[in-house]
Structures are given as structure tokens and as C-alpha cells.
Amino acid sequence: MRPILLTAAAAAAAALAAALPVRAQPAAPPAEAAVQAAAPRADSATVDGGEVRYFVHGDLTSGVTPVVVLHGAFMSSDAMKPLTDLMPGRPLVVVDQRGHGRTGDLPGPITYESLADDAAAVLADAGVGKADVAGYSMGAGAALQLALRHPDRVDHLVVISVSFNEAGNLPGFTEMMAQITPEMFAGSAMEREFRRLAPDPEVFASVVDKIKVMDHGQDWPAEDIRALPHPTLVIVGDHDIVRPEHAVELYRLRGGGDTARASQPFLTEPPPARLAILPGASHIGVFGDPQRLADAILPFLDDAVPPPPPGFF
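Residues numbered from 1 in each chain as written. Predicted model: local features only at pLDDT ≥ 70, side-chain atom pairs only at ≥ 80, totals over all residues. Heavy atoms only, no water.

Undergrad: Lay out the environment of Val 203 with the relevant residues and their values.
TA: Mapped onto the elements, Val 203 comes out in the loop between helix H7 (189–197) and helix H8 (204–211). In this structure, the C-alpha to C-alpha distance between Val 203 and Gly 99, residues 104 residues apart in sequence, is 9.2 Å. Those residues in contact with Val 203 that lie beyond four places of it in its chain are Asp 105 and Phe 194. (Helix = DSSP H or I, 4+ residues; strand = E, 2+ residues; numbered from the N terminus. Contact = heavy atoms within 4.5 Å.)

As C-alpha cells, this is what we get:
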């Protein structure tokens with residue numbers, strides 16, 4: 001199959017992530033179940049060029065740190081439901097990022113920097129001073145830029161399938177993306193979902209043209225990333241578009257792999273960075289098992305340290 005068709009298929013699969021089945025799980029305690037069962041509150045934040053739509057699940061004044069959830073390209077806040085359903089009891093702010101969902105196309109390009117500034121505006125509009133941030137793919141780039149541009153807004157940082165420069169992706173990925181045309185998506189689930197949610201269903205071609213050039217020239221300084229103060233969880237698939245070596249590099253920049261800490265038989269305190277390389281997972285497959293993501297993310301947000309194995313000695 002030609003690379004351009006592989007790219008199109010991957011993008012289409014992203015739009016279908018919300019339809020993937022979620023593993024059965026224990027029922028949440030009554031209080032937590034009530035939080036998650038309540039209908040989300042829809043709102044919008046004024047940003048450069050228009051309004052960004054977002055949804056609040058749970059009580060932002062509960063004292064529990066909210067989690068901002070940022071979806072990938074050609075997705076929407078709806079597509080994150082398989083994951084957010086596995087985060088009961090946590091206040092959530094789930095964003096329809098510019099060019100997507102109910103926000104739709106806004107004037108100007110779509111950049112990771114503009115997405116980050118939009119997320120900061122959403123937090124301000126929602127009255128949230130600081131939040132944990134979890135982003136997938138394009139949303140992970142927005143999350144990383146949110147930490148770089150608005151560090152006081154971020155507590156814990158979860159980045160799933162993200163690179164911080166072009167070299168972090170598979171060779172030729174940027175060139176493949178540049179070959180995408182709006183016509184390739186005619187009749188696709190992605191286009192149908194855009195038309196279902198967007199304020200102006202006729203601007204899908206504009207959004208495709210903006211997204212396909214987002215990674216061109218991307219090169220975020222490693223020293224800026226190293227200087228971030230936020231605990232960070234890096235998640236990537238072993239068959240991801242993002243190279244595993246690059247994920248390890250990001251993990252080390254965030255303080256992971258410290259020799260003194262790694263030489264301890266057991267962790268006695270939360271490390272500054274954690275790394276999960278999911279076996280048998282492509283870029284889309286990383287999000288194909290929401291339970292596996294939740295199993296990595298929730299202990300990280302709680303600063304949990306695994307106990308010594310029972311009966312080890």
C-alpha cells in the first residue's frame with residue numbers, strides 16, 4: 001500500500017476511536033459514579049478568532065485537581081469518551097480544539113502553540129487555576145506546548161504519542177502528511193463526524209489543509225523541555241508513528257532514567273517522569289485500548305508508587 005494511503009487510513013481510524021469497545025470494569029463507588037453520570041456542562045471560551053467549545057464533567061470546586069483532556073487530529077471531545085469514562089470522580093474539562101468538533105474552523109492556521117493558548121483560555125474561562133493535562137497525538141503536542149507557554153496552568157503532564165521535533169517521527173512522515181488532500185476523505189467517517197458537529201460543515205477541506213502542515217518545521221528546544229517543572233508521563237506504542245527512541249529521549253529530558261533512582265530496588269517516592277511503551281500498539285492502536293491507558297495514567301496522576309512485590313523476599 002502506498003504511504004499516502006497508509007496515512008489516510010491512520011487518520012480515518014483516529015476518527016473511529018470512540019467506537020472501539022471498552023473492557024468491562026468494576027462499578028465505580030456510588031459517589032464517583034454520580035459524578036460521572038451527571039450530564040456534562042457545555043461552555044465556550046473566547047480565543048483569538050472566535051470561541052472554543054468545551055465540556056465540564058463533575059465539580060470543578062470539589063478540591064480534586066481537574067484533568068484537561070485534548071484529543072488528536074480529526075477527532076473531537078466525543079472521541080475521548082472511552083478514556084474519560086474510566087476516570088470517575090475526577091473533574092474533567094474536555095475540549096473541542098480549534099478545527100474540530102463543535103468549535104469548528106477558526107481564522108488562521110492550526111498550530112500547537114495556538115491550541116495551547118486555546119487550552120489556557122479554556123482553563124481561565126472555567127475558573128481553573130491549575131490542572132492535570134492529558135493529550136493524545138495532536139492534543140499531546142498542544143499539552144506539551146501548554147506546559148511550555150503557560151507552565152503555571154499545568155500540574156501533571158500526560159503526553160500520548162507525541163514528538164517534539166520532526167526527527168522524532170518515522171522517516172518521511174511529514175512528507176506523507178503533506179500529500180494528503182481533502183478529496184481523500186470524501187465519504188469517510190472523519191468527514192461525516194466533522195459535518196455532524198461543526199458549526200459550518202462545509203469547511204472540512206480548510207481544516208484538512210491546515211492539519212497536514214502542522215508538523216512541518218517542528219523543532220522545540222530540548223533545553224526548554226528539560227526545564228519544565230511538571231511530573232510527566234510519556235506514552236507511546238512500540239509501532240507508533242513516534243519512534244520509541246524519541247519517546248525515551250523525551251522521557252530522559254523530563255528527568256526519567258536517573259541512575260541513582262533506577263539503582264534502588266524499589267521506588268520510595270514518585271519519579272519526575274514515567275514511560276510506557278505499549279506492546280503491539282500502532283499510533284492509532286495506542287488509543288485503541290482505553291483501559292490500558294487509564295491503568296497507566298491514573299496511578300501517575302495520584303503520584304502512586306507501586307508497592308514491593310508480595311513475597312518477593
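This is not the end of the story, as more comes after the structure.
Undergrad: So, the sheet that holds strand S3 (residues 67–70): which residues are in play, and what are the values?
TA: Within the open sheet, the eight strands sit side by side as S1-S2-S4-S3-S5-S6-S7-S8. Their pairing is mixed. Single-partner strands in this sheet number two, and they are strand S1 (41–47) and strand S8 (273–282). Here the strands of the sheet are splayed against their neighbours by 20° on average, with no regard to which way each runs. Those strands touched by helix H4 (residues 112–126) are S1, strand S2 (50–57), S3, strand S4 (92–95) and strand S5 (131–136), and its axis lies near 125° from that of S1. Packing of helix H10 (residues 244–253) onto the sheet brings it into contact with strand S6 (154–160), strand S7 (232–239) and S8, and relative to S8 it is tilted by some 165°. (Pairing = 2+ DSSP bridges. Axes fitted to C-alpha atoms, helices over the stretch in contact; angles between N-to-C directions.)

Undergrad: A description of helix H12 (residues 290–301) should follow, citing residues and the corresponding values.
TA: Given 3.6 residues per helical turn, the α-helix brings residues three or four places apart onto the same face. Taking 1.5 Å of rise per residue, the 12 residues of H12 would be expected to cover 16 Å, and the 16 Å separating its terminal C-alpha atoms lies within 8% of that figure. Those residues of H12 that are buried lie in contact with S3, helix H3 (81–84), S5, S6, S7 and S8. At the C-terminal side of H12, Asp 303 shows a positive phi close to 55°. (Expected span 1.5 Å × (residues − 1).)

Undergrad: Which residues make up the side chain of Ser 161, and what values go with them?
TA: Relative to the assigned elements, Ser 161 resides in the loop between S6 and helix H6 (173–178). Judged by its relative accessible area of 3%, Ser 161 is buried. In contact with Ser 161, other than residues within four places in its own chain, are Tyr 136, Ser 137, Ile 235, Val 236, Asp 240, Val 242, His 283 and Val 286. (Buried < 20%, exposed > 50% of the residue type's maximum accessible area, 1.4 Å probe, protein only.)

Undergrad: Mind laying out the packing of aromatic side chains, listing which residues take part and the relevant values?
TA: This model, assessed by the stated rule, comprises six aromatic pairs. Aromatic side chains Phe 74 and Phe 185 sit 5.3 Å apart centroid to centroid with 40° between the ring planes, which places their arrangement in the tilted category. Residue Phe 74 is found in the loop between S3 and H3, and its partner Phe 185 is found in the loop between H6 and H7; the two are separated by 111 residues along the sequence. For the pair Phe 74 and Phe 185, a shared accessibility class is recorded, and that class is buried. Ring pairs connect the aromatic residues Phe 74, Phe 185, Phe 194 and Phe 204, which therefore count as one cluster. (Phe/Tyr/Trp six-rings, centres within 6.5 Å; stacked < 30°, edge-to-face > 60°.)

Undergrad: Can you tell me about unusual backbone geometry, naming the residues and giving the values?
TA: Peptide bonds are trans in most cases, and residues, glycine excluded, mostly fall at negative phi. Although it is not a glycine, Ser 137 sits at a positive phi angle of roughly 55°. With respect to the element layout, Ser 137 can be found in the loop between S5 and helix H5 (138–149). Under the relative-accessibility criterion, Ser 137 is labelled buried at 17%. You will see that Asp 303, though not glycine, has its phi angle at about 55°, which is positive. Position of Asp 303 among the secondary structure elements: in the segment after H12. Under the relative-accessibility criterion, Asp 303 is labelled partly exposed at 35%.

Undergrad: An account of H10 is requested, with residue identities and associated values reported.
TA: All of the buried residues in H10 are His 246, Ala 247, Leu 250, Tyr 251 and Leu 253. Buried residues in H10, looked at end-on, bunch into an arc of 165°, giving them a common side. Tucked into the core, H10 has its buried residues touching S6, helix H9 (222–226), S7 and S8. Of the residues flanking the end of H10, it is Gly 255, one or two places downstream, whose phi is positive at about 100°. (Arc of directions from axis to C-beta.)

Undergrad: So what's going on with the pattern of salt bridges? Which residues, and what values?
TA: The final tally for this structure, using the stated rule, is 15 salt bridges. A salt bridge links Arg 90 to Asp 302, with the nearest nitrogen and oxygen atoms 2.7 Å apart. Of this pair, Arg 90 sits in the loop between H3 and S4 while Asp 302 sits in the segment after H12, and the two are 212 residues apart along the sequence. For Arg 90, a relative accessible area of 11% gives the class buried. By sharing partners, the salt bridges in this structure join Asp 78, Asp 96, Arg 102, Glu 193 and Arg 196 into a single network. (Salt bridge = Lys/Arg side-chain N within 4 Å of Asp/Glu carboxyl O.)

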